Amino acid sequence: TRKKVCEEVRLTTLDQMLAELSPSTVDVVKIDVEGAECDVLGGGQTLFTRYRPKLVQAECKEHHVNQCFLTEARRHSYRVGAHRGHDDNT
């Protein structure tokens, strides 16, 4: 049997992380955080305003995630690709 181990981890926003790391570019973003994608997007506005990645992919199985992803895409003038749902995500 395996012993369960709990570990404390630092919580930060995407904006804070980008400010700390200060990358020169961000070209591709994949977000899969089990229904918390809207929180990531909300705390990551500099991703769009400063870095403007060419591709942003998020798991949008849950209706609220799909809605906020579409809202953010529109807000920042992104096109939503026709490949939605190819892996059973709706």
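First, a word on what this report is: a plain description of the structure on this page. Computed from a prediction, not measured in an experiment: that's the story for all the values here. (Residues numbered from 1 in each chain as written. Predicted model: local features only at pLDDT ≥ 70, side-chain atom pairs only at ≥ 80, totals over all residues. Heavy atoms only, no water.)

1. Focus: the overall build of the protein chain
- Tallying secondary structure elements over the protein chain gives four helices and two strands in all.
- The order of helices and strands in the protein chain, counted from the N terminus, is α-β-α-α-β-α.
- With the C-alpha coordinates aligned to their principal axes, the bounding extent of the protein chain is approximately 50 × 35 × 20 Å.
- For the protein chain, buried positions account for 30% of its 90 residues.
- For the protein chain, restricting intrachain contacts to residue pairs at least 6 apart in sequence, the fraction spanning at least 24 positions comes to 74%. (Helix = DSSP H or I, 4+ residues; strand = E, 2+ residues; numbered from the N terminus. Buried < 20%, exposed > 50% of the residue type's maximum accessible area, 1.4 Å probe, protein only. Contact = heavy atoms within 4.5 Å.)

2. Observations regarding the state of the cysteines
- Under the definition given, this model contains one disulfide.
- With its sulfur 2.0 Å from that of its partner, Cys38 forms a disulfide with Cys68. On the sign convention where negative is left-handed, the bridge of Cys38 and Cys68, at about -100 degrees about the S-S bond, is left-handed. Of this pair, Cys38 sits in helix α2 (residues 37-42) while Cys68 sits in helix α4 (residues 63-75), placing them 30 residues apart in sequence. (Disulfide = S-S within 2.5 Å.)

3. Considering the packing of aromatic side chains
- Going through the model one piece at a time under the given rule, you end up with one aromatic pair.
- Aromatic pair Phe48 and Tyr78: ring centres 5.7 Å apart, planes at 75 degrees, arrangement edge-to-face. Of this pair, Phe48 sits in helix α3 (residues 45-51) while Tyr78 sits in the segment after α4, placing them 30 residues apart in sequence. A single burial state applies to Phe48 and to Tyr78, both of which are buried.
- A cation sits over an aromatic face here: Arg52 above Tyr78, 4.1 Å from the ring centre. (Phe/Tyr/Trp six-rings, centres within 6.5 Å; stacked < 30°, edge-to-face > 60°. Lys NZ or Arg CZ within 6 Å of the ring centre and 35° of its normal.)

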